[in-house]
Amino acid sequence: MKIIFSEKGKKNEKEISRLIENFNFEGQFLNDGRRNSIKTFRTTNGTLIIKSFKIPNAVNKIAYKFFRESKAERSFKYANILISKGIGTPYPLAYAEEKTGFGFGNSFYVSEHLDCDFTFRELVTDPGIKDHENILRAFTRFTFKLHENNIEFLDHSPGNTLIQRKEADYEFHLVDLNRMNFRSLGLDERLKNFSRLTPKKEMVEVMASEYAFLINQPFEMVFKKMWYFTEEFQRKFHKKQALKRKIKFWKN
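Residues numbered from 1 in each chain as written. Predicted model: local features only at pLDDT ≥ 70, side-chain atom pairs only at ≥ 80, totals over all residues. Heavy atoms only, no water.

**A few points about the overall build of the protein**
On a plain count of helices and strands, the protein comes out with nine helices and eleven strands. The C-alpha atoms of the protein give a radius of gyration of 20 Å, which matches the 18 Å a tight globule of 252 residues would have. Considering only C-alpha atoms, the protein reaches an extent of 55 × 50 × 35 Å along its principal axes. Contacts in the protein between residues at least 24 apart in sequence constitute 62% of all its contacts with a sequence separation of at least 6. Accessible area for the protein stands at about 14,300 Å²; split by element, carbon and sulfur atoms hold 51% of it. (Helix = DSSP H or I, 4+ residues; strand = E, 2+ residues; numbered from the N terminus. Rg over C-alpha atoms; globule rule 2.2 N^0.38 Å. Contact = heavy atoms within 4.5 Å. Areas by Shrake-Rupley, 256 points an atom, 1.4 Å probe, with all protein chains shown as cover.)

**A word on the packing of aromatic side chains**
In the structure shown here, the tally under the stated rule is 13 aromatic pairs. Directly above the aromatic system of Phe23 lies the positively charged group of Lys39, at a separation of 4.9 Å from the ring centroid. The positively charged end of Lys39 is found above the aromatic ring belonging to Phe29, 4.6 Å away from the centroid. (Phe/Tyr/Trp six-rings, centres within 6.5 Å; stacked < 30°, edge-to-face > 60°. Lys NZ or Arg CZ within 6 Å of the ring centre and 35° of its normal.)

**Remarks on the sheet that holds strand E4 (residues 46-53)**
Strands sit in the order E1-E5-E6-E4-E3-E2 across an open sheet of six strands; the sheet is antiparallel. Either end of the sheet is taken by a strand with one partner, and the two such strands are strand E1 (2-5) and strand E2 (28-29). Where strand E5 (residues 92-100) and strand E6 (residues 103-112) come together, seven bridges link them in antiparallel fashion. When the sheet's bridge partners are listed, Tyr95 is paired in E6 with Tyr109. (Pairing = 2+ DSSP bridges.)

**Some words on the pairing of E5**
Bridging between E1 and E5 involves four bridges; their strand directions are antiparallel. Paired with Ile4 across the two strands is Tyr95, which belongs to E5.

And the structure:
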């Protein structure tokens, strides 16, 4: 298995290598493991996170071996790009890939563990969180910073932003990094990037208000576009979920 370390990861190279090799037998799960598995591990240099990606299908086994960067490699690469641009993400330590004569097997991404107070998902489910509107506005400024740095985070969804309270301010850190584009974004592309975050109109209004201020554009226009993209995403999402339920019903 090939393992690539960051400079910081090299300081704990032997232990990280051992944990990757023993991923199935050690650590504590952070998710249900149905697709990708995420675990925490305590080490001599603190707690770290290892994400084990699902072994790809037959086509992608060939693609990842010969033509495409794996999800693990992209996660590692994109984390380093984010950090270089002053964007928060748990610090990358290593990634590992198992390539065989038949294609591509297991792969892992390793980062430092980051303690957070909550994720964006809690802002959606609990409007009673203290300073709710100010957190939303700070998050909008964070997203604006992504866009100004030519970063399109394709998985900009509720569970993928960790939030830390820092005295009178907030820090935001992205996770699940393997799907990103690095390019200049037009206005519609920027506003569509908010579409997966929340179905709540009052939250979209706050984010639209802050983003309109940041780009010096009328609130009404920004909100109309942002809400259109949100509704479009919700419609497609629920249609897809309904189809999955039908397929499950007929299989049973």
